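Fold and contact review
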Amino acid sequence: MATSVPQFNLKEVNSALIKIIQNPLISFDEIYCVPDFATGGTIINAKEVKESLKNGHGASIKLRAKLEYFPDRHMIQATELPYGVYTNTVLEQIKTLTDEDENYGIEKVIDHTKKVSDIRFYLSKEANPKKMIEKLYKDTSLENWFAINMIMLDMGRFPKVFGWKDACEAYIAHIRKCKYREIEFDLNKALARENILNGLIQAAANIDEIVKIIRDSSDPSDASKNLKNRFKFNDEQAKAILAMKLSALTRIDAIKLNEELAEIVKKITCFQYLLNTPKALDEELIKILQEVSDKFGDNRRTKSLDLIEENNSETEELDLACMVFDNNFIRLIPTTEMVGGKKGKKGISIKPPKNANLINTLYTTSIGSIAIFTSKGKMYNLSLKNLELNIDYSIYGFINIDKNEKIIKIIDSTSFFSYKYILFITKNGFVKKTLINEYKSLNKRSQTAIKLKDDDYIINVFLSSDEKDKLMIFSNNGNYVFFNHYGITPIGKNSIGVKGIKLKDDEYVVAATLIYNSKNYYGLLTINNNGKGKISSINDFPETSRYVKGNVAQKIDKDDTLSTAYAILQSQEKIFVLANNKA
């Protein structure tokens with residue numbers, strides 16, 4: 001699930017929490033906190049962001065870096081880069097722009113970044129500073145988006161989209177529960193100490209007899225029994241007395257014990273009052289929230305404005321299905337037009353371009369971008385911002401791809417660099433694992449994603465941050481391997497990888513899926529080439545070693561082959577099945 005919760009200012013959030021505790025019926029406007037990113041920047045669509053946080057999802061945050069022009073040096077300084085944007089990314093983008101257009105308007109770029117971002121663009125003599133600032137925002141990540149999708153686990157169990165006030169109320173309920181348990185623990189500890197002190201005070205008043213009983217007893221068990229019979233001590237009291245050395249026992253100071261007992265009784269009374277008085281417990285929470293705010297809070301770093309133009313067509317965010325066809329055409333379709341079919345039915349027809357088949361579909365948004373992986377192991381990036389809906393675009397008009405190079409896979413690149421690894425699985429059964437930062441930046445120019453043999457191509461690509469994530473690889477004869485990618489050593493971009501599954505001469509990989517360690521799965525869907533499918537529990541698939549023949553995932557008839565496999569997160573998840581040239 002694409003959870004995306006922006007950062008907020010600690011002082012403002014704790015202030016809002018205190019207001020809700022004091023007045024549960026308070027309005028959203030009185031407790032709303034504008035996002036505040038550690039890297040600063042300026043939010044330029046404040047109204048849209050407020051509405052998105054009110055509902056828990058909606059328009060993304062449009063975030064700009066701080067650009068300042070210095071006329072004496074004819075230079076624009078960029079500081080406070082949007083959250084998640086690296087200086088290297090911007091530098092790579094500028095290099096691409098200036099390589100493609102010698103008259104772009106930038107003479108040189110110097111990165112003065114140390115503890116904070118500081119990129120300086122020295123302009124050409126003829127460059128207009130105002131227009132250059134607009135171009136930099138438009139053409140680079142100096143203006144970027146941060147999605148708002150506040151999906152969290154309600155009560156630690158069920159996925160739910162939380163509005164801002166809902167999230168605050170859920171957090172308050174959580175800290176109330178935690179504080180209650182903390183006080184309950186302290187109360188039980190104090191009651192236990194009170195019990196011991198009462199026993200020691202009684203022992204101090206009868207110390208001679210206590211010592212005599214202990215000396216006359218045959219062993220500790222006999223001494224405990226005799227003490228309990230004579231003075232009605234309970235087990236804990238008798239144990240505490242017998243645990244003391246004889247010299248310490250004879251020097252018990254009854255006055256100090258009574259003083260400690262008085263303090264313990266006060267604490268017990270206080271704890272019981274807090275547990276039985278919700279208002280008093282809330283006052284304790286307010287005190288803690290204020291102390292944390294005073295100790296760790298700081299001033300806002302991110303400014304908030306509302307600069308979205310009246311013509312909002314460029315900033316409108318729509319949920320889309322990005323479809324890729326085997327003739328290297330792409331098409332964007334609003335998800336509202338994707339009316340789901342039913343099991344066993346023909347389904348809806350999506351007419352592809354002439355003589356083309358649908359090969360890949362990605363659900364994203366109109367302001368997203370996609371990473372494109374090709375048959376030659378190359379990777380490109382394409383922004384979807386300016387593409388119209390329901391129009392077939394040739395990819396050759398956007399990226400410099402060879403005519404004999406085919407698109408194999410697309411993935412959402414909006415949060416590409418928030419992951420640690422990228423994993424490739426190929427038709428010949430190879431698995432390659434590479435660190436994400438090997439790719440430095442995403443741009444239209446090609447970069448090597450994986451080295452491939454002439455008869456090999458990419459089957460699937462996954463992003464991962466957890467080394468406990470597990471790969472499932474499926475062959476055409478219905479076998480699978482299921483192993484943790486922890487044991488695969490990350491290697492460079494221009495590498496082949498290692499064998500993931502052992503294949504015979506007539507076998508090849510048809511599908512692969514990544515089982516994320518942090519997610520719960522409903523099951524695994526497998527489909528053969530005749531459209532027959534089944535859903536099985538992930539637990540029905542024992543793990544295997546890497547580079548083995550594997551186990552049977554689905555029984556395949558003699559003339560059939562396995563077509564695809566897909567891990568389903570929850571029973572309500574909709575599956576988009578591709579059938580040759582129709583969906």
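Residues numbered from 1 in each chain as written. Predicted model: local features only at pLDDT ≥ 70, side-chain atom pairs only at ≥ 80, totals over all residues. Heavy atoms only, no water.

1. Points about the pattern of salt bridges
The final tally for this structure, using the stated rule, is 16 salt bridges. Note that Arg 176 is salt-bridged to Asp 282, the shortest N-O span being 2.7 Å. You can see Arg 176 sitting in helix 6 (residues 164–205) and its partner Asp 282 sitting in helix 12 (residues 278–296), a full 106 residues away along the chain. One network of salt bridges, in which partners are shared, links Lys 62, Arg 64 and Glu 143. (Salt bridge = Lys/Arg side-chain N within 4 Å of Asp/Glu carboxyl O. Helix = DSSP H or I, 4+ residues; strand = E, 2+ residues; numbered from the N terminus.)

2. Remarks on a nonpolar patch on the surface
Together, Leu 10, Ile 288, Val 292 and Phe 296 make up a nonpolar patch on the protein surface, roughly 310 Å² of accessible area in all. The leading source of residues in the nonpolar patch is helix 12, at three residues. By the secondary structure assignment, Ile 288 is in helix 12. (Patch = residues over 30% accessible without salt bridge, like charges linked within 9 Å, V, L, I, M, F, W, Y side chains within 5 Å. Areas by Shrake-Rupley, 256 points an atom, 1.4 Å probe, with all protein chains shown as cover.)

3. Let's talk about the side chain of Glu 405
Of note, Glu 405 is situated in the loop between strand 16 (393–394) and strand 17 (407–412). We note that Glu 405 is buried and unpaired, the nearest opposite charge coming from Lys 378 at a distance of 5.1 Å. (Buried < 20%, exposed > 50% of the residue type's maximum accessible area, 1.4 Å probe, protein only. Lys, Arg positive; Asp, Glu negative; His and termini not counted.)

4. Considerations on helix 9 (residues 235–243)
Turning to helix 9, its buried residues number three or more, namely Gln 237, Ala 238, Ala 240 and Ile 241. Projected onto a plane normal to the axis of helix 9, the buried residues spread over an arc of 160° and lie on a single side. Structural note: helix 9 exposes Lys 239 and Ala 243 on the side pointing more than 90 degrees away from its buried face. Regarding helix 9, its N-cap is Asn 234, as a side-chain oxygen of that residue lies 3.3 Å from the backbone nitrogen of Glu 236 further along. (Arc of directions from axis to C-beta. Polar contact = N/O pair within 3.5 Å; in protein donor to acceptor, adjacent residues only side chain to side chain.)

5. Observations concerning the layout of surface pockets
Of the volumes computed, that of the second largest pocket is approximately 740 Å³. Taken together, 30 residues make up the lining of the second largest pocket; nearest its centre are Ala 167, Ala 170, Tyr 171, His 174 and Ile 175. Among the secondary structure elements, those contributing two or more residues to the lining of the second largest pocket are helix 1 (10–22), strand 8 (151–154), helix 6 and helix 12. Residue contributions to the lining of the second largest pocket peak at 13 residues, all from helix 6. Among the residues making up the lining of the second largest pocket, the classes are represented as 22 nonpolar, three polar and five charged. (1 Å grid on protein atoms, 1.4 Å probe; cavity = no way out; pocket = protein on both sides within 12 Å on 5 of 7 lines; lining within 4 Å. Points joined across faces, edges and corners; volume = space filled by probe spheres on them. Nonpolar A, V, L, I, M, F, W, Y, C, P; charged D, E, K, R; others polar.)

6. Here we look at the confidence of the model for the chain
Averaged over the chain, the pLDDT score is 86; the fraction of residues at 70 or greater is 92%. Per-element averaging of pLDDT across the chain places helix 10 (residues 246–249) at the bottom with 71 and helix 1 at the top with 96. Low confidence marks residues 309–315, where pLDDT is under 50. Its contacts with residues over four positions away, or in another chain, come to seven contacts. (pLDDT = per-residue confidence, 0-100. Contact = heavy atoms within 4.5 Å.)

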